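# Coordinates in review
Residue strings, one per chain:
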Amino acid sequence: MFRIVMKRLQDKWKSYRYRFVPWIALNLGKNERTIRQVTERSKDRLVSDEVVSETLLHLFRALLRNDVAQQGEVFRLLPASTRTRYLSPETTEGPDIGEPKGEHRPIETMLLTVGFCIERKPSSLPFAGTGVFVTRGFVPKGSTVAMYPGTIYQAYEPILFQSIRNPFVFRCIDHVLIDGNDKGISKIVYRSCSGRDRLGPFRLSDITWLTANTENPLAVGQYVNNCSNERAANVCYQEYDVPEAFPLELRQYLPNVNYRHDTQRPLRCVVLVALRDICPGEELFSNYFTIVH
Ligand SMILES: C[S@@+](CC[C@H](N)C(=O)[O-])C[C@H]1O[C@@H](n2cnc3c(N)ncnc32)[C@H](O)[C@@H]1O
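A brief report on the enclosed structure follows. This is a predicted model, so every value here is computed, not measured. (Residues numbered from 1 in each chain as written. Predicted model: local features only at pLDDT ≥ 70, side-chain atom pairs only at ≥ 80, totals over all residues. Heavy atoms only, no water.)

## Structural notes on the nonpolar core
As a reminder, the rule being used: The definition of a nonpolar core used throughout is a set of buried Ala, Val, Leu, Ile, Met, Phe, Trp, Tyr and Cys residues joined through side-chain atoms within 4.5 Å. Burial here depends on accessible area, computed with a 1.4 Å probe over protein chains only, as a share of the maximum for the residue type. Under 20% is buried, over 50% is exposed, and the range in between is partly exposed. In DSSP terms, a helix is any run of H or I states spanning at least four residues, a strand is any run of E spanning at least two, and both are numbered starting from the N terminus. Residue contacts are defined here by distance: any two heavy atoms, one from each residue, within 4.5 Å place the two residues in contact.
Membership of the largest hydrophobic core comes to 52 residues, with the highest contact counts inside it found for Phe60, Ile118, Phe246 and Leu284. Every element with two or more residues in this core is listed here: helix H3 (49-65), helix H4 (72-77), strand S3 (116-122), strand S4 (130-137), strand S5 (144-147), strand S12 (235-241) and strand S14 (268-274). Top element by residues in this core is H3. It accounts for 7 residues. Setting aside its immediate chain neighbours within four residues, Ile118 contacts Ile107, Met110, Val132, Phe133, Val134, Thr135, Val145, Ala146, Pro217, Leu218, Val220 and Leu284. Formed by 11 residues, the second largest nonpolar core is a distinct cluster that contains Ile159, Tyr190, Ala219 and Val257.

## Topic: the sheet that holds strand S7 (residues 169-171)
Strand-to-strand pairing in sheets goes through backbone hydrogen bonds, with the strands running parallel or antiparallel. Convention followed: Strand pairing is assigned whenever DSSP detects at least two bridges linking the two strands. Here an axis means a line fitted to C-alpha atoms, over the contact stretch when the element is a helix, while the angle between two N-to-C directions is reported on a 0 to 180 degree scale.
In spatial order, the strands read S7-S8-S6-S13; together these 4 strands make up an open sheet with mixed pairing. With one partner strand each, in any of the chains shown, S7 and strand S13 (256-258) form the two edges of the open sheet. For this sheet, the mean angle separating the axes of adjacent strands, direction not counted, is 25°. Two elements, strand S6 (residues 150-153) and S13, share 3 bridges in a ladder whose sense is parallel.

## Notes on the pattern of salt bridges
Spelled out, the test is: Whenever a carboxyl oxygen of Asp or Glu lies within 4 Å of a side-chain nitrogen of Lys or Arg, that contact is scored as a salt bridge.
Tallying each qualifying case throughout the model produces 12 salt bridges. Asp49 is paired through a salt bridge with Arg45; the nearest N and O atoms lie 2.5 Å apart. Exposure remark for Asp49: the relative accessible area of 26% places this residue in the partly exposed category. Relative accessible area serves as the criterion here: at 35%, Arg45 is assigned to the partly exposed category. Overlapping salt bridges, with partners in common, bring together Asp174, Asp241, Arg265 and Arg268 in one network.

## Digging into the sheet that holds S12
Judged by pairing direction, the sheet is antiparallel, and its 3 strands sit side by side in the order S5-S14-S12 without closing on themselves. At either margin of the open sheet sits one strand with a lone partner, and together these are S5 and S12. Mean inter-strand twist for the sheet, computed between neighbouring axes without regard to direction, equals 35°. Bridge count between S5 and S14: 3 bridges; the pairing is antiparallel. Looking at S14, one finds that Met147 is bridged to Val271.

## Here we look at helix H6 (residues 106-114)
Let me state the cut-off plainly: An arc is given here, and it is the one of the directions from the helix axis to the C-beta atoms.
Among all positions in H6, only Pro106, Thr109, Met110 and Thr113 are buried. Each buried residue of H6 sits inside an arc of 100° when the element is viewed along its axis, so together they form one side. Turning to H6, the residues buried within the fold contact H3, S3 and S5. One or two steps after H6, the chain reaches Gly115, where phi turns positive at roughly 95°.

## Side note on unusual backbone geometry
Here the phi dihedral of Phe127 falls at roughly 65°; this positive angle occurs in a residue that is not glycine. Here Phe127 is to be found in the loop between S3 and S4. One non-glycine residue, Arg165, lies in positive phi territory at about 50°. The topology assignment puts Arg165 in the loop between helix H7 (160-163) and S7. By relative accessible area, Arg165 is classed as exposed at 82%.

## Here's the deal with the environment of Leu87
Along the chain, the position of Leu87 falls in helix H5 (residues 80-87). Look at Leu87 and you get partly exposed, because its relative accessible area is 46%. Considering only alpha carbons, one finds Leu87 and Val68, 19 residues apart in sequence, at a separation of 7.6 Å. Not counting chain neighbours up to four residues away, the residues in contact with Leu87 comprise Val68 and Phe75.

## A look at the packing of aromatic side chains
Note the cut-off: What counts as a ring pair is set by centres within 6.5 Å for rings of Phe, Tyr and Trp (its six-membered ring), and what kind of pair is set by the plane angle: stacked under 30 degrees, edge-to-face over 60, tilted for all other angles. Charge-over-ring contacts are defined here by two conditions on Lys NZ or Arg CZ: a distance within 6 Å of the ring centre and an angle within 35 degrees of the ring normal.
Applying the stated criterion across every chain, the model contains 8 aromatic pairs. Measuring from ring centre to ring centre gives 5.4 Å for Phe168 and Tyr223, while their planes differ by 65°; the resulting arrangement is edge-to-face. Placement of Phe168 in the loop between H7 and S7 and of Tyr223 in the loop between strand S10 (202-203) and strand S11 (225-226) is noted, with a sequence separation of 55 residues between them. Each member of the pair Phe168 and Tyr223 is classed as buried. An aromatic cluster of three or more residues is present, and its members are Phe60, Phe246 and Tyr253. Its end group placed over the ring of Phe133, Lys121 keeps NZ or CZ at 5.0 Å from the ring centre.

By themselves these figures say nothing about function.
So, in structure tokens, the structure goes:
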């Protein structure tokens, strides 16, 4: 009898694509109605990887273009044709209406390139700590709204010490883990891995999400709170593997790094995609549980 009960429990547990392990253990019973249900892994994607790439490239190019003063070494090593693209916007493949020129203020760049900006503020929910809000602009359904930063652990890699009392360990559908904690041992590990993985002057990941001033303003997705029966989810998580062709000079804005330097697969990122139109002033809520049937 005991074995049968245990087997049933195990099967139920396995069907959960639980995102945040400690949160689930405490809240599974309370929030059953807010669970996101998908019939297959492939149905969990709201938009294609190409659409996600388009937004990231558009924003990252604008961020780089507005940071020319700090990027001397990077520009020196870029092929002339690529360099020209950043130094004189009018030579790019079409007019980029609304792209800011000159001053380097990432949040303004975000507003002008993607049409909205998000920022961390005290959550509108009691006792939920910090949350993420759309502070200006308008987010159309299907937009890439945020990124989940952190160190990437493949399913077989050890994460024991970093995961103790850590509410920021995110689990992907294929059991890859992302440690998005910006404090303590997690912060030390991320900094060290990011410093390790460079190609000369080219940084391959961003470390500024560990501070209050993020170079990539999308990289605050780890602070998005869970929906509740009263506050429905307006964003969902989606895995995004960085394509090989992603430009070298733009990788410095990716807020993820592999724990092991010899990982033989594309860099995993996770983006948050809008489930509906979102207006300024609204807090973002995701779904910490998803069941794949
Ligand atoms: C990934 S963190 C989100 C950021 C968190 N709000 C903070 O300030 O650090 C997950 C933690 O946020 C809190 N949290 C998330 N959603 C919540 C909700 N709907 N109500 C209360 N607390 C929530 C829980 O403490 C949970 O363990």
